[in-house]
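Spelled out, the chains give:
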Amino acid sequence: MTAPQAGSTSDDWEEHWSEYAESASLNPAQEYRRRLVRRLLAAGPGARILDIGSGQGDQALDLLDAWPAANVLGVDLSAAGIAVAQRKVPAATFLRHDLTEPLEPPGEYRAWATHAVCSEVLEHVERPELLLANVTSLLAPGCRLVVTVPGGPRSAFDRHIGHRRHYTADDLRALLEGAGFEVELAGGAGFPFFNLYRLAVVARGEKLVDDVSAGHGTVTGSARLAMRTFDVLFRANRSNTRHGWQIVAVALAPPSTS
């Protein structure tokens, strides 16, 4: 894998994972998404799972907890994120690459993945269709891909961390089909409590950005309590509803990625 090109993105992911690693790990929305991914990915022993935009490794850790005999490969733009991920998940492999740039994977990883996850990544890139096109060289024909993206309104904090857009289920289906994937499912999840959580973030506005920046990613006791409360409430969310603001899809890679 090659390192990302300088200036290839306006987001500072080195700062992002250095500043927000703790708060991201404790975010109840992250755990909720991981539960959705586990249910929909349907992997098993011997699966080769690609984590697209692996960040600081929380998703990779969860995948290996669910399927200890699986092989997990994470790919991410951020050197800081990969450094955290490698310490957190030594059993996984992490490679650095900007997936908005053309990809020539090492031979052992060409058409490698039988399963793949792309969770909360596509909203960060200007041309998500390019990322999907570039990543297909890592996917075995028919690879099962689970994608999550945010729906509903964007908050000030979403904009601060580089969300270009939020999606509807129809948007995500069209994007995946345009990239050649066969879409099995595209819909919403998270109603009502995930939506309520997102509304709280939206209502907090710029104050949330200021609080997180002032605390340099440190999570206060009151914030921990709120996160634990929502984590419990999220277990009562509906997982398949057009009203949910967590958008999720399951798709199969094209029969041939050559």
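Each value, and the rule that gives it
- Residues numbered from 1 in each chain as written.
- Predicted model: local features only at pLDDT ≥ 70, side-chain atom pairs only at ≥ 80, totals over all residues.
- Heavy atoms only, no water.
- Helix = DSSP H or I, 4+ residues; strand = E, 2+ residues; numbered from the N terminus.
- Buried < 20%, exposed > 50% of the residue type's maximum accessible area, 1.4 Å probe, protein only.
- Contact = heavy atoms within 4.5 Å.
- Areas by Shrake-Rupley, 256 points an atom, 1.4 Å probe, with all protein chains shown as cover.
- Pairing = 2+ DSSP bridges.
- Salt bridge = Lys/Arg side-chain N within 4 Å of Asp/Glu carboxyl O.
- Right-handed = clockwise from strand over helix to strand, strands pointing away.
- pLDDT = per-residue confidence, 0-100.
- Arc of directions from axis to C-beta.
- Polar contact = N/O pair within 3.5 Å; in protein donor to acceptor, adjacent residues only side chain to side chain.

Description of the overall build of the protein
- Scanning the protein from N- to C-terminus turns up ten helices and seven strands.
- Within the protein, the fraction of its 258 residues that count as buried is 53%.
- Long-range contacts, defined as pairs at least 24 residues apart, comprise 81% of the intrachain contacts of the protein with a sequence gap of at least 6.
- Total accessible area on the protein stands at roughly 11,500 Å², and carbon and sulfur atoms take up 53% of it.

Structural notes on the pairing of strand S7 (residues 246-252)
- Within S7, seven of the seven residues are buried, which leaves it mostly tucked inside the rest of the structure.
- A two-sided burial pattern is seen for S7, the buried positions comprising Gln246, Val248, Val250 and Leu252 on one face and Ile247, Ala249 and Ala251 on the other.
- Looking at chain direction, strand S6 (residues 182-189) and S7 are connected through seven bridges and run antiparallel. Opposite Glu182, over in S7, you have Leu252 as the bridge partner.

Here's the deal with the pattern of salt bridges
- Within this structure, the stated rule accounts for 15 salt bridges.
- Arg34 serves as the salt-bridge partner of Glu31, at 3.3 Å between the closest nitrogen and oxygen. Taken together, the residues span about one helical turn, with Glu31 and Arg34 both in helix H2 (residues 28-41) at a distance of three residues.
- Among the salt bridges present, the one from Arg38 reaches Asp62, with a minimum N-O distance of 2.6 Å. Separated by 24 residues along the polypeptide, Arg38 in helix H2 and Asp62 in helix H3 (residues 58-66) bring together distant segments of the chain.
- Here the salt bridges share partners, and the residues they tie into one network are Glu31, Arg34, Arg35, Arg38, Asp62, Asp231 and Arg235.

Focus: the pairing of strand S1 (residues 48-52)
- Across the five residues of S1, four count as buried, placing the element largely inside the fold.
- Handedness of the crossover joining S1 and strand S2 (residues 71-76) through H3 is recorded here as right-handed.
- Sheet analysis places S1 next to strand S4 (residues 113-119), joined by three bridges and oriented parallel. Note on S4: the bridge partner recorded for Asp51 is Val117.

Observations concerning the confidence of the model for the protein
- Summing up the model confidence of the protein, the mean pLDDT is 87 and the portion of residues at 70 or higher is 84%.
- Confidence drops under a pLDDT of 50 for residues 1-10, and excluding neighbours within four residues, the segment shows 20 contacts in the predicted structure.

A closer look at helix H7 (residues 169-178)
- Ala169, Leu172, Leu175 and Leu176 are the residues of H7 that are buried. In a view along the axis of H7, the buried residues occupy a sector of 130°, so they form one face of it. Projecting away from the buried face of H7 at angles above 90 degrees are the exposed residues Asp170 and Gly178.
- The first or second residue beyond H7 is Gly180, which carries a positive phi of 95°.

Brief notes about the side chain of Thr241
- Locating Thr241 in the fold gives a position in the loop between helix H10 (221-234) and S7.
- Contacts of Thr241, omitting those with residues within four sequence positions, involve Gly188, Ala189 and Phe191.

Here's the deal with the side chain of His97
- By the element assignment, His97 lies in the loop between strand S3 (93-96) and S4.
- There is a polar contact of 3.4 Å between the side chain of His97 and the backbone oxygen of Glu101.
- Here Pro102 takes part through its backbone oxygen, which lies 3.3 Å from a polar atom of the side chain of His97.

Topic: the environment of Pro255
- Looking at the secondary structure, you find Pro255 in the segment after S7.
- Placed 113 residues apart in sequence, Pro255 and Gly142 show a C-alpha to C-alpha distance of 5.6 Å.

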